[in-house]
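Structural overview
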Amino acid sequence: MEGNSVHHYFVRSAGPLDQDPDLVKDSLVRHLNVTEDQAKKIVAQPVTLKKRLTEEQARRYVKVLGKLGLVAEMHPHTAAADVSPLEGPKPKGKPDIRQQRAETQHLIELFQETFREPIHHLPVTLAYKLGLISVMMICLIAPLIYFSLVVGAVYATWSYVAYLPTLFANKTPNAIQFVVFLVPILIGVIFTLFLAKPLFAGYGKRSSLLLDRNKYKRFYRLIELLAERMAVPAPSAIYVNEAVNASVGPEKGFRSLLKGELVLTVGLPLVAGMNSRLFMGIVAHEFGHMTQRNALLANTLVNRVNAWMEQCAFGEDNWDRRLNKWSEYSPIFAADMAIFLCRYMIRMTRVLMKYLFLFNLRTTRWMSREMEYDADRYESLVAGSDKSREIAETLRFLMAGRQLSDQLARATWNDNRLPDNLPQLVALMTEQLTVEQKQHISAQMEQSQTQVWDTHPADNDRIAKAEENNFKGIWLHDFPASRLIPDFDALCKTVTMRWYHQVGLKDVEKAVSPTKEILQLDQQQKTAEIAVGTFLNGMYSPRVIASH
């Protein structure tokens, strides 16, 4: 029956899709006839946009929103989901709201009680400070060489152009001579443009989801309390994603870094798979980077320079492909020769930049490793030195769980099914690692060696240094870290849907299923395959059957 709510859907926003949020807001204002405040709310947090749509209407609306740069989800109507457009989900009841407020107040008081005393900045050695200055100076050598090449190309081209009137003063060249005289100009212009191109290269936009400060004020407040006790600037924003990682960095380049406007990015699998003691140790590690403002500035500069040099050395794009195409179809021999010489000069320049890049990489990796050692001290100070090994192992286990989760998601996608909660799936797959698998991962950690190209020291080296500090720890509570973020399950599902759209999956709204249900079906299938294989005396293989 058409009036039955089972046949109707509502559409809800799930954040911007790999675009500047301001551009997405402008698009929504222009095309959806909403106010700027409404557009800002739609981009910042999940908001119900349309309700009581047919399945086809909901799919079309989700597709339209995708073209505007907004990730959206479609869900079947239920009584609990019957919300007004441009409003958030209605609270399930006052007891739930009171419970969340009580939980927030309890955690804030717990933080204030635990972190009663300020966490003073730990001293660094003179060798560490001198090393930072040396690395910064060394990393600028290669850009200076590159700038010299650009200036030299411009100067040589302009000098030749200025010389042409003198060359033509005594006689008028014929057509062939004129073309030949123009070839050096063509070479100079093309070569200069290709050299200057990396100077204007942009950086990738932030793909993580911005946490709305009002909706997640509990998490913001707890993070701000830790930052206050560590005497570092509180993050101006917190982003979340599906990665097994956490990081801190400037919001908008060097200006933000100088102003102390930093952002914290948290991978939700860390929150789903760790207790609060381990997780707070990781956050303290990231804030530890912020205690050394000069080191963070140096590291940002070095990373930007290295990324730019990598673009110079390996960054072929449409310009390169267009130049190759011109060389194949050029009807004029002189132009063909000019393009050939340009390609050769560009190739030689890239060879030079490749080795300068590797030199830079070799000399700057030391600084990155020393910064990790320094930040590890704050991790141990907060969580305790005796937890350094558990933190390192848990990170490795979660990375393995993430790999298994990706494999399962790819397999279920072939059956048009996807888990609706990737962070939860990572945590569950991590819990299912066998003792042998965990021992194998731990053995690999013990055998690892720090290499000259590594940005981070080997785990066993980091653990050894952390245990030498013998810090007792400050935050000794081990309740699940997911308690720190209200409505954590819904946030994980939003991030999951957003990630599916970012990797280019289509019509995922219809394919998503409860994560535990998918995991249970996968386990049943594996059990059945083992049983059939045992019955057939090892002659059964699902791959053989699938190939027919």
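Residues numbered from 1 in each chain as written. Predicted model: local features only at pLDDT ≥ 70, side-chain atom pairs only at ≥ 80, totals over all residues. Heavy atoms only, no water.

Some thoughts on the overall build of the protein
Condition: Under the scheme used here, helices are H or I runs from DSSP no shorter than 4 residues and strands are E runs no shorter than 2 residues, and both carry numbers assigned from the N terminus. Relative accessible area decides the class of each residue, using a 1.4 Å probe on protein chains only: under 20% of the type maximum gives buried, over 50% gives exposed, and in between gives partly exposed. Pairs of residues are marked as contacts when any of their non-hydrogen atoms sit within 4.5 Å. Surface exposure here means Shrake-Rupley accessible area, sampled with a 1.4 Å probe, where a residue is shielded only by the protein chains that are shown.
The number of helices and strands found in the protein is 21 helices and nine strands. Split into buried and exposed, the 548 residues of the protein put 46% on the buried side. Put simply, of all contacts in the protein between residues at least 6 apart along the chain, 82% involve residues at least 24 apart. For the protein, the exposed area adds up to about 29,600 Å²; of that, 56% sits on carbon and sulfur atoms.

Some thoughts on the sheet that holds strand S2 (residues 48-53)
Put simply, the rule is: A pair of strands is treated as paired once DSSP finds two or more bridges between them. Every axis corresponds to a line fitted to the C-alpha atoms, with the helix fit spanning only the stretch in contact, and the corresponding angles, defined between N-to-C directions, vary from 0 to 180 degrees.
Strand order in the open sheet formed by three strands is S2-S1-S3, and the pairing between neighbours is antiparallel. Two strands in the sheet have a free side with no partner beyond their single neighbour: S2 and strand S3 (70-76). Taking each pair of neighbouring strands and ignoring which way they run, the sheet shows an average axis angle of 25°. In this structure, strand S1 (residues 9-16) lies alongside S3, joined through six bridges in antiparallel fashion. The residue of S3 that forms the bridge with Ser13 is Ala72. Contacts from helix H3 (residues 55-67) reach S1, S2 and S3 within the one sheet, and its direction differs from that of S3 by about 165°.

A few points about the side chain of Lys387
We count it as follows: As used in this structure description, the phrase polar contact means that two N or O atoms lie within 3.5 Å; if the pair is within protein, one of them must be able to donate a hydrogen and the other to accept it, and residues adjacent in sequence are counted only when both atoms belong to side chains.
You can see Lys387 is positioned in the loop between helix H14 (333-383) and helix H15 (388-413). A polar side-chain atom of Lys387 sits 2.8 Å from a polar atom in the side chain of Glu390. Setting aside anything within four residues of it in sequence, one finds Lys387 in contact with Arg277 and Leu278.

As for the side chain of His285
Note that His285 resides in helix H11 (residues 276-291). Contact partners of His285, with chain neighbours within four places excluded, come to Glu372, Ala375, Asp376, Glu379 and Arg462.

As for helix H17 (residues 435-447)
The condition is simple: One fewer than the residue count of a helix, multiplied by 1.5 Å, yields its expected span. This arc is built from the directions going out from the helix axis to the C-beta atoms.
Counted at 1.5 Å a residue, the expected span for H17 with its 13 residues is 18 Å, and the 18 Å between its end C-alpha atoms agrees. Along H17, the positions that sit buried rather than exposed are Ile441, Ser442 and Met445. On an axial view of H17, the arc spanned by its buried residues comes to 95°, and they lie on one face. Residues Glu436, Gln439 and Gln447 are exposed on H17 and point more than 90 degrees away from its buried face. Those residues of H17 hidden inside the fold are in contact with H15 and helix H18 (459-469).

Some details on the nonpolar core
Selection criterion: Side-chain atoms within 4.5 Å are what join buried Ala, Val, Leu, Ile, Met, Phe, Trp, Tyr and Cys residues into a set we call a nonpolar core.
Phe279, Phe287, Leu484 and Leu491 are the most contacted members of the largest nonpolar core, which has 60 residues in total. Per-element accounting of this core gives the leading share, eight residues, to H11. Those residues in contact with Phe287 that sit more than four places away from it in its chain are Ile223, Leu226, Ala227, Met230, Val232 and Pro235.

A word on H11
The terminal C-alpha atoms of H11 lie 22 Å apart, and with 16 residues this matches the ideal 22 Å at 1.5 Å per residue to within 8%. Counting buried positions along H11 yields 16 of 16 residues, so the element is predominantly enclosed. At the N-terminal boundary of H11, the capping side chain belongs to Asn275, with an oxygen 3.0 Å from the backbone nitrogen of Arg277.

Comments concerning the confidence of the model for the protein
Where we set the bar: One confidence number per residue, pLDDT, is output by the predictor and ranges from 0 to 100.
Summing up the model confidence of the protein, the mean pLDDT is 80 and the portion of residues at 70 or higher is 82%. Looking across the protein, the model is least confident in helix H21 (residues 542-546), with a mean pLDDT of 44, and most confident in helix H10 (residues 268-273), with 96. For residues 1-6, every residue scores under 50 in pLDDT, and the model assigns this stretch six contacts once sequence neighbours within four places are set aside. Throughout residues 543-548 the model reports pLDDT below 50, and contacts reaching past four residues in sequence, or to other chains, amount to one contact.

Let's talk about the pattern of salt bridges
Under the convention used in this document: Whenever Lys or Arg places a side-chain nitrogen within 4 Å of a carboxyl oxygen from Asp or Glu, that contact is recorded as a salt bridge.
Going through the model one piece at a time under the given rule, you end up with 16 salt bridges. Note that Glu56 and Arg60 form a salt bridge whose closest N and O atoms lie 3.6 Å from each other. Of the two residues, Glu56 and Arg60 both sit in helix H3, four residues apart, roughly one turn of that helix. For Lys493, the salt bridge goes to Asp420, with nearest N and O atoms at 3.6 Å.

Observations concerning the packing of aromatic side chains
The line we're drawing: By convention, a stacked pair of Phe, Tyr or Trp rings (six-membered ring in the case of Trp) has centres within 6.5 Å and planes under 30 degrees apart, an edge-to-face pair has planes over 60 apart, and any other such pair is tilted.
The full count for this structure, using the stated rule, is six aromatic pairs. The interplanar angle of 50° and the centroid separation of 5.8 Å between the aromatic rings of Phe111 and Phe115 together place this pair among those described as tilted. Residue Phe111 shares its accessibility class with Phe115, and that shared class is buried. Note on Phe115 and Trp475: the rings are 5.8 Å apart at their centroids and 10° apart in plane angle, and the pair reads as stacked.

Topic: the packing of helix H6 (residues 141-167) against helix H12 (residues 293-314)
Packed helix pairs are specified by the crossing angle of their axes together with the interaxial distance, meaning the distance between the axes. What counts is decided by this rule: Under this scheme an angle from 65 to 115 degrees is roughly perpendicular, one under 35 degrees roughly parallel, and one over 145 degrees roughly antiparallel; angles in between are oblique. Should the near helix be turned anticlockwise from the far one by less than a right angle, the crossing is termed left-handed; should it be turned clockwise, right-handed. Polar here means any residue outside two lists: the nonpolar Ala, Val, Leu, Ile, Met, Phe, Trp, Tyr, Cys and Pro, and the charged Asp, Glu, Lys and Arg; Gly therefore counts as polar.
For the pair H6 and H12, the least separation of the axes is 10 Å and the interaxial angle reads 45°. Classified by the angle their axes make, H6 and H12 are oblique. Of the two possible hands of crossing, H6 and H12 adopt the one that is left-handed. Here H6 contributes Ala142, Pro143 and Tyr146 to the contact with H12, which in turn contributes Val305, Trp308, Met309 and Cys312. In terms of residue class, the contact of H6 with H12 is made up of seven nonpolar, no polar and no charged.

Details of the sheet that holds strand S6 (residues 246-250)
Strand order in this open sheet of four strands is S4-S5-S7-S6, and the pairing throughout is mixed. The sheet terminates laterally at strand S4 (209-210) and S6, the two strands that pair on one side only. Note that S6 and strand S7 (residues 262-267) share five bridges and pair antiparallel. Opposite Ala246, over in S7, you have Val266 as the bridge partner. Sheet strands touched by helix H8 (residues 217-229): S4, strand S5 (237-241) and S7. Its angle to S5, the strand with the most contacts, is close to 115°.

Focus: unusual backbone geometry
One can expect most non-glycine residues to show negative phi and most peptide bonds to be in trans. Of note in this structure, Ala231 is not a glycine but carries a positive phi near 55°. Following the sequence through the fold, Ala231 ends up in the loop between H8 and S5. Look at Asn416: it is not a glycine, yet its phi comes out positive at around 60°. Along the chain, Asn416 falls in the loop between H15 and strand S8 (418-419).

Observations regarding the environment of Ile138
When you line up the elements, Ile138 lands in helix H5 (residues 126-139). Sequence separation of Ile138 and Thr363 is 225 residues, and the distance between their C-alpha atoms is 7.7 Å. Those residues in contact with Ile138 that lie beyond four places of it in its chain are Phe359, Asn360 and Thr363.

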